[in-house]
Each structure stands twice: as C-alpha cells, then as structure tokens.
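Geometric and topological summary
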Amino acid sequence: MKALTLELGGNQLTLLAERGLWWAAQETLILADLHLGKTAILRRAGIPVPEGPDELTLQRIDQLIQKLNPQRLLLLGDVIHGSLQQHAELIARLSAWRATHAKLTFEAIVGNHDRHRAVIESVIDWRAPQTTEAGLIFCHEPPANVLSAPWLGGHWHPMAKLRAGIDTLRLPVFSLEPTQGLVLPAFGEFTGGMDLSQCKGRQRFAVANDRVIAID
Amino acid sequence: MTKPQETLQPLEKWFAEQGWVPAGFQRQAWQAYLDGQSGLIHSATGSGKSLAAWGGPLLSGLTTPGSGLRVLWITPLRALANDTVSSLSAAARGLGLNWRIEKRTGDTPGSIRNKQRTHPPETLVTTPESLSLLLSYRHAEKRFGHLDAVIVDEWHELLGSKRGVQLELCLARLRQLAPGLKIWGLSATLGNLEQARDALLGQQAQPGQLITGPARKNLKITAALPQANARFPWAGHLGTHLLEPVLSYLEDAYSSLLFTNTRAQAEIWFESILKARMDWLETLGLHHGSIDRGLREQIEQGLRQGDFRCVVATSSLDLGVDFSPVDRVIQIGSPKGIARLAQRAGRCGHQPDGMSQILCVPTHALELLEIAAARRAWQAGHIEARPALRNCLDVLAQHLVSLASGDGFDAQATFDEVRSTHAFAQLDPAAWQWTLDFITHGGEVLSAYPDFQRVVKGIDGRYRIATRTLANRHRMSIGTITSDAAIAVKYQSGGHIGTVEERFIARLRPGDRFLFAGLSLELIRVRELVAYVKRSRASRQAVPHWQGGRLPLSSALADEMLELLAEYTAGRCKEPEILAISPLLELQNRWSKLPQPGCLLVERTDSREGQHLFIFPFAGRLAHEGLASLLAWRLGQQSAGTFSLAANDYGLEILSNELPELDETLLRNLLSPDHLAEDLLASLNAGELVRRQFRDIARVAGLIFQGHPGKGKSARQLQASSGLMFDTLQRYDPDHRLLDQAAREVLESTLEVSRIQQTLIELSQARIIMEKPERFSPFAFPLWAERQRNRVSTESWAERVAAMVARLEKAADKT
C-alpha cells in the first residue's frame, strides 16, 4: 500500500488507499459517508438491490482497525442512510459489531442523512456539526467559505474522471479545496459518487487500486 | 351474414356527400371489421388509412348502440392526439353518430380524467404509456369490458421497440377483459409486414387480415450538390457549408420542413438560418423533443395554417398528419434508411402531380453516395424490416407490477395471457418464475433480499402491490422510453423552456452560455433537476449534445452504395451525386482502393497517435462497433494492449501504440465467424456497453427510481445510479436475469449481432484488399475525425490502473 501524507493546520494526515484518513498523532481513523442501511431502505421502498454491501463496509473497517490499531474511529457524517426503524436486524448487527471493538472510541459528526441517529445512540457518540480539535474543524458538508481553521469533510462522494493516453477511468478522490479543507471520498460500498472537475486552487488525490496519487 | 352493400351504406353516403369515393382497401377494411376480423392496414401516408380503420367501428356504432368505452385509439405520440380527436370526431358527426371522442394523455387534467372514469366517452385517444397506466388502476373490467375495438396508429413506430412490447402486453390484457375484441393496426410499408401483423394481434382464433392500400406515392429524391470544383468536406456532421443553396431553395417555397438527424444539428441550423435571414424571425420555427410541449404544439398549429416559412425539426415531426401548406421537405445529412426518408418526404402536402419531393443536403462528401443509393433503393422498392423484440423481462416486470397495482393478477392465467403475445410466445416457465420472484422477493428466493417489498401474494393467491405508496411511485415510472435524467430548463424569472439531459448540464458551470430551443442562454444555477437560465447576448455558445437519435445505415442502403461504387469503377455510373464526388473517389483509388462488392478493403496507416487499422465492411455503425470490439479483443488474445476504437457506417478503426503485422491469414482468423457470440461477449466484459445498456433496463424494471424534472427531492433518498446497481448485482446476485438481458440486448440491438454474423460470413468469401496509404484515405479520414472513443482493453482493470498510474507518475515527474 502506498499512502500519501498531507499537512493540514500543523497536523500530519495520511490519505489511505482504502478511502480513509489516518491521523497518526491522535491515533484516529477518519472515514466519511458509510451510508449504512441504504440497500435495506431501498428494498423496503420496492427497489430490489441485494443485501451485502453493508457487510463489506464493516469488514473493510475491521481490516483498517487491525492494520492501524487506532484508539478512535471518527466518522464525518452520513453514517446511516435514513431511518432504520424498520430494520431491527441491522441495528442489532451494528451493536454486535460495535461490541467487537469495545476498546475503541466511536465518534461521528452529524450528517444530513443522520436525522434518525437516535436508534444507534448506543453505538456512536454524536458530535456537533462543526467540531474543532487540535486546530482542525471536522464537519460533514464542506463549507462554502474559509473557516477559522482548516477543515475535514465528506458529503460530496468526490470522484474524478481520468484520462491517460487513450484510456479513461473514474476513480474516487480526496480533494484539497480552495476553501482550506480536505473532502474525503465516500467509504461506504453502496454510495456512488459525484464527479469533481479540476479547478483553480483544488488539488485532487485519486485512489487507484492500492495507492493514492496526486492528479492535479 | 349481413349484406355488405347495406351495412357499408352510411359511410358510402357520407363519402359521396364529401365528393369522395371510398378506395378499394377502405371498403375491404370496413367489411373485414364488420365480419369480426382483426388486421393490419398498410399504405403510404395521406392515403386514407385512418378512415379505413375508423369506418368499421363507426358502422357498428350505428347498428349496435351501447354505452361505455367502445373504441381505444392508440397513438405513439401524444402530440398527435388532438389532431386525431378532431378528425375522428368529424367522421363520426358526418355519420350522425353522437359519440364523445376524447383524448387522455399524460397532460390530461385530473378533473377530466375523473370524468372519463365516471362517464367514459365512447372513444378514447391515448398513448401506450397512458394505457398501461389505466390498467394499473382497479376495476379494469368495468372500464374495458365493453370495448369493441382497439386501433393502433403508426404501429411501425412502436414495433421493434420496448414501447411496442409494452403495448403487446396491454393488448393481451384487453383481449381477456373484452372477449371478441377486434384489434386493427395502421402501418407504413415495412419489409416485414406479416411479422408486424402477428406481433400486433398476438395469438387469436383466426389469422388476421393484411390489407394493402394504394401503391407508394411518387417520390423524387435529389441532392444539394456543391458548386463545381468546390472543396467538399471529407468529414463533418453539420452541413452548414451548404447554407446558401438551402436558403435559396427555401426562398422559392411557400412553406418548408427542414429535417435534421439530431437535436444539436437542429439548433445549429435554426441559428444559422436566422443569422443569414434576420427578417425571417417571425416565420422560422424550431421543433424537437426537448422543447416545451406547448411551444411545439403552437408550431404544429402554425404549420397547418401556413404561418411558417420554415420549421427546423428532428424526428419529433416524423409522425402525424400531413401539413398541407408545406410544399418542400429538406433532409440534412443522410436519412440512413429508405423508410425514414419516405416518411419524411410524405410530411408535405400533395402536389397536383402526386409527386413528393425531398432535397437531401449532404454533411460530408461520402453522404452524396448515400443519397444516390437511397434513390436507387427506393426505385427498386427495397424497404427495411423492423424486427419485433422478444422476451424483454424488464418490460414484463413493469407490466406485472402495473397489474398488481390495479386489480391484482392470478399467476397461471396471467402466464397464459402473457404467452399469447408475440413478444413472449416462447417465454419459458423458469423465466416467468424468475420475473415473479423478482417483483415479490427482489430476486431469486434463495438470494439475499431481506425486507424487500413490492408485490405480495395474497391468501386468495392473487398478486397485489404491497402498499399504496408503492403503487403511486410505480405509476410515476410507467413507460419504457428512458433517457438521462431530464433537467427542466427554466427562466430565472419563471417560464419553462424545455428539458435537456443531465449529462449536458453537468458539463456547464454557472455563467456558461449555450444554445437551446433556438435561444442563446446563460446558466445561472442548477437546483433539484431544474436549470435556471437567463437570455444571453453572447455569440459563442455550447450546443447540447443529446443522446440517441443516431440510426445506423440500413443494409439495403449499404448494399446499394457498394453497387454504385462498382458501377463507378466500371465507368458506368451516371448518378449526378457520384459524378460530383468523383475527384474524391479518384483520390481514394490513387492512395488506396475503392470499396467494392465482394471485396473487403483494409488500410493500415501510421501516425503520431500510433498505428491505425481501417476496415470497411459497410455493415452500418452498430455492427461496426461490435466488430471493432471483437477484433480488438481477438488481437489482444495475441498480444495484450489497449485499443482505441472508432466506427461509422462504412467501416471501423482500431488504433493502438503497436499493432502486429497482419497478413491475410491472420486477418481471416480475426474475421472468422466461429465463436462469434462468445468472443463478442468476452470482448464486452472489458467494455462498458453492457453496463451502459443496463441503465434502460434498470429503469424499466424499477431497479432505479428517477425523480421527475422540476419535482422536489422527496425521492432523493431512493436514488442510486444504474452503474452502482449493476456492480452490486454482479457481485451479490451474478445470476440476475436482467444482467443477462443487458448482455443480450447489447448483442441484438446495440451491436446487431445477426448483422455481424452475416457480415463475417460474407467476408469469409470476400477478397481481401490490403493497402498501406501514407496518409488517411478519404474513406479513413471520417473515422479518424469523428472518433467516438470507446476503450476496449484486454488488460485487467488492475493492469490498466497500474499503466495509468505509471503514466500519471511519469507526467508528474516532468512538472
């Protein structure tokens, strides 16, 4: 795995090819946009998408925890996709999964999809929409303007279309924004994405298989 | 048995009062109807087809009074509904039949729909989608039980599409609801009329009639020729270099229709004409599928009244009534098919000499060859066939959910009913069971779709929709025409202009200018599927590029083209179009060779881009796309590499950094018809075609839910892209039949596998001519110039990523 390290507000942050961020100094693993329960909500609404992506998302978190041994997991919003009221099995599964990482602190910034977070209150400690820590602001939606400190966010599910020679590929990206912040790619399996084009002051880092590469 | 003279009498009388004489085929159709038969009537436009079909129901309306809905008239375009209602009403009144004849389409207001439910009119003019929708409500038997007849107008437009399949299913339902129902179709001339009839009528007790109208009208096809010695572009797609001759042609006419093949082309021609003739502003119209419907209707009305000097249109005006004031029809670019050309020419009113005239404006030199070939094919009576589709499980799934939303359905009876259609006559019980499982469990029973709910089987054994919310959402998505999510284009200050595909708007940023509906607009912002714009005065704008609308060259036309080239080579060709491009053909002959029947021309040229292989099988763009991907894949079996592919109607291009030396043996191996389907599918695994095809299927089958233009975000939470859905199904439910269907559709429709097969068999007999021109030849150049990049790689995804990473890092090192 070839990772890439950035400095933001005096903090060293490692962009992981697994679509997450490793904050070594704080022993914190940062992930954005899991959208757990999305396939279940779609099925309930009559859209036949198979079960499976959630489990893979959790497995991929397990692998990262094993590899990095963090003290804390920090989620940048949209942990769940919507109301899980009618999906008791999923809530039970999340609680059980949480229990396998008993020593770990679980924190999450509230995202726009997390309105119905009450049902997983016991799994995660929710934090305010813009939380400051060690000179960084953690948020879900990237702010429109510069904040008092550099920020980290998600929400956009950023992707980039790349063209090299005669080949084109669409890859998830981390995006360092002109507004002094970093947008993380969506971590969840069933999330899709939004193309983020090149623009002045933006620097994108694409996740290509097992490495992260600057593309601007 | 009734006496024909007596029963046809009221119609004969009305005809005589109008000073008309019924044509033989009209009498034949009326009598067949009175005898209780069903059938298909085909004839040229404007020959009285509608009255041939309408007469029967009117006569039986006179003799057997009754209330309730008697006749359904299905029209493929809702824009036609108004005209149809008024012409049907005129005939009914003429016969003294006091029938209510009303339309019901997507824009019929709720109050009228309610009234139509409580007090049904005797005749309802509607579209296939609206009929599906009607069947998704309860009490269908009460509504349709008294139906005497369904008449399907312009059946050739529906045949061969999923809309046609959707209608076949609805007709099967109606045959059950109304025993003795008569079904009549109206069609333009097609190469496969018997299949067209069988698909329309489905299985029934007696074989249906096939009634032939008068012979085709005389049609004069001419080309706008460039000035002597004028350089003619080798490639291009706009044709505006011929603006001057077109303008003078328009000036001589009273009213003209100018057809283009794409909406982008229509926008550009409209703008170019207006720039050249500012004083025509009031009398110049633009008509295409993305323009606001109200505006389009105004234009159609204006055409009928002779208010327009010229209307620039796309296939949106292909159908429908004649515009009698129109005396000239112009076609920009090749019509790509003979049937389509004849249909467009038929839009203009009837000249006294009964001659229709169409002026074809070539957009590049080789299109002159196509125009000459079209004229030849027309004279020889070669009209294309339009094969009916079969086993579209996505349409079946949608139909079953519609039935479940209404009265519900019984599995066994509905299986039999569905198999009575032409489209599903061969549906096997396993595919049927899978479709039932798909709408009830989400997929096969054993696979993982917990909590899925859509259709449930009640204790009485009937299948019904699970909730009313689901029924409502389903009704919003009924239909089979799919497109990119439509974005409504509106003025900031209010006022709807039309809709445009999301893909185009996504490329624009606020402040960017674009040409749309003949207006120069500036994008302000995009919110919730609405693009807000204002007028712009800038002169340079982007033109939206719409998907679809690009038909491949038909086989009939392609064969004629090769024949013309052979005649030219033999010095026997006198067609003015061919003579006009003879310098170009000479050049092709000098640098390379001219394509000929029975020969396959292969050219190999090196450029800075890499090594190009050009092959010219003349099998149409779709088949060439498939062939290109097949050849690239087979080449890749010998040495891995990434290929860039291009295809047009004449040939294909394969570009790679390094191509192996190709001798005749190797080429023949590459072009072998053996293992075609397997190799083609294997080549597609690396391609994006199946994934792209899945978009439409996913929408039709209800796997993805699209919001509606201009309607809030209530459904936002339920949105997932078809690509994501495709990947998820491939991973967690690889045996999903809709994935198979996507592959099959790509083979059959997107790549025309049968045409590829045919081509390869022919090529195995053909002589191979290998040329190595130093530069791109006149036939190769259009491929190079209009390359639609379509990557097919035999490297795995990981290898491609690695290669891309290496290139990116190399590029990064330089900076």
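Residues numbered from 1 in each chain as written. Chains lettered and ligands numbered in written order. Predicted model: local features only at pLDDT ≥ 70, side-chain atom pairs only at ≥ 80, totals over all residues. Heavy atoms only, no water.

The name given to chain B in an unreviewed UniProt entry is Ligase-associated DNA damage response DEXH box helicase, with the source organism recorded as Spiribacter salilacus. For chain B, the Sequence similarities (unreviewed entry) comment in UniProt is given as "Belongs to the Lhr helicase family. Lhr-Core subfamily." (UniProt positions renumbered as here; feature names shortened; annotations may be inferred.)

The name given to chain A in an unreviewed UniProt entry is Ligase-associated DNA damage response endonuclease PdeM, with the source organism recorded as Spiribacter salilacus.

Broken down by element type, chain B carries 32 helices and 27 strands. Out of the 815 residues belonging to chain B, those deemed buried represent 58%. When contacts within chain B are restricted to residue pairs at least 6 apart in sequence, long-range pairs at least 24 apart make up 75% of them. Accessible surface, chain B: about 33700 Å² in total, of which carbon and sulfur atoms supply 49%. (Helix = DSSP H or I, 4+ residues; strand = E, 2+ residues; numbered from the N terminus. Buried < 20%, exposed > 50% of the residue type's maximum accessible area, 1.4 Å probe, protein only. Contact = heavy atoms within 4.5 Å. Areas by Shrake-Rupley, 256 points an atom, 1.4 Å probe, with all protein chains shown as cover.)

Our focus in this paragraph is the sheet that holds strand S13 (residues 355–361) of chain B. All names here are of chain B. In spatial order, the strands read S8-S13-S12-S9-S11-S10; together these six strands make up an open sheet with parallel pairing. Only two strands of the sheet have a single neighbouring strand rather than two, namely strand S8 (218–223) and strand S10 (284–287). Averaged over all pairs of adjacent strands, the angle between their axes in this sheet comes to 20°, without regard to strand direction. Strand contacts of helix H11 (residues 243–251): strand S9 (256–259), strand S11 (310–313), strand S12 (328–332) and S13, with the helix running at about 165° to S12, the strand carrying the most contacts. The strands touched by helix H12 (residues 263–276) within the sheet are S9, S10, S11 and S12, with S10 carrying the most contacts at an inclination of about 170°. (Pairing = 2+ DSSP bridges. Axes fitted to C-alpha atoms, helices over the stretch in contact; angles between N-to-C directions.)

Further remarks concern helix H30 (residues 753–765) of chain B. Residues and elements named next belong to chain B. Here H30 spans 19 Å end to end across 13 residues, near enough to the 18 Å set by a 1.5 Å rise per residue. Considered for burial, the residues of H30 that qualify are Val753, Arg755, Ile756, Thr759, Leu760 and Leu763. Buried residues of H30 fall within an arc of 150° about the axis and therefore sit on the same side. Facing away from the buried side of H30 by more than 90 degrees, the exposed set consists of Ser754 and Gln765. (Expected span 1.5 Å × (residues − 1). Arc of directions from axis to C-beta.)

What follows covers the pairing of strand S16 (residues 211–214) of chain A. Residues and elements named next belong to chain A. For strand S15 (residues 203–208) and S16, the ladder comprises four bridges, and the chain directions are antiparallel. In the strand pairing of S16, Val207 is matched with Val212. The antiparallel pairing of S15 with S16 creates a hairpin that spans two residues between the two strands, and Asn209 there sits at a positive phi of about 50°.

Let us now look at empty space enclosed by the protein. All names here are of chain B. Per the counting criterion, the structure on display carries four cavities of 30 Å³ or more. In this structure, the largest cavity occupies an estimated 170 Å³ of space. Around the largest cavity, the lining is made up of 17 residues, and of these Arg454, Arg473, His474, Ser477 and Gly702 lie nearest the centre. Of all the secondary-structure elements, those providing two or more residues to the lining of the largest cavity are helix H16 (393–405), helix H19 (468–476) and helix H27 (689–700). Counting residues per element, the lining of the largest cavity draws most heavily on H19, at three residues. For the lining of the largest cavity, a count of residues per class yields nine nonpolar, five polar and three charged. Formed jointly, the lining of the largest cavity draws a minimum of three residues from each of two domains, domain 3 (408–476) and domain 5 (593–801). Looking at the second largest cavity, the residues that line it are Leu69, Arg104, Gln116, Arg117, Pro120, Pro121, Leu124, Leu134, Arg143 and Phe144. Listed by contribution, the elements that provide at least two residues to the lining of the second largest cavity are helix H5 (110–118) and helix H7 (140–144). (1 Å grid on protein atoms, 1.4 Å probe; cavity = no way out; pocket = protein on both sides within 12 Å on 5 of 7 lines; lining within 4 Å. Points joined across faces, edges and corners; volume = space filled by probe spheres on them. Nonpolar A, V, L, I, M, F, W, Y, C, P; charged D, E, K, R; others polar. Domains from an automatic or database assignment.)

Attention now moves to the packing of aromatic side chains. Considering all chains together, one arrives at 17 aromatic pairs over all chains under this definition. Taking the centre distance of 5.1 Å and the plane angle of 15° together, the rings of B:Trp434 and B:Phe438 count as stacked. Pair noted here: B:Trp434 and B:Phe438 are both in helix H18 (residues 429–440), with a separation of four residues, about one helical turn. Among the residues examined, B:Phe438 registers a relative accessible area of 0% and is labelled buried. Here the aromatic cluster, defined as three or more aromatic residues joined through ring pairs, consists of B:Trp14, B:Phe15, B:Trp20 and B:Trp30. Over the face of the ring belonging to A:Phe187 we find A:Arg60, whose NZ or CZ atom lies 4.0 Å from the ring centre. A cation over a ring is seen here: B:Arg475 above B:Tyr137, with NZ or CZ 4.1 Å from the ring centre. (Phe/Tyr/Trp six-rings, centres within 6.5 Å; stacked < 30°, edge-to-face > 60°. Lys NZ or Arg CZ within 6 Å of the ring centre and 35° of its normal.)

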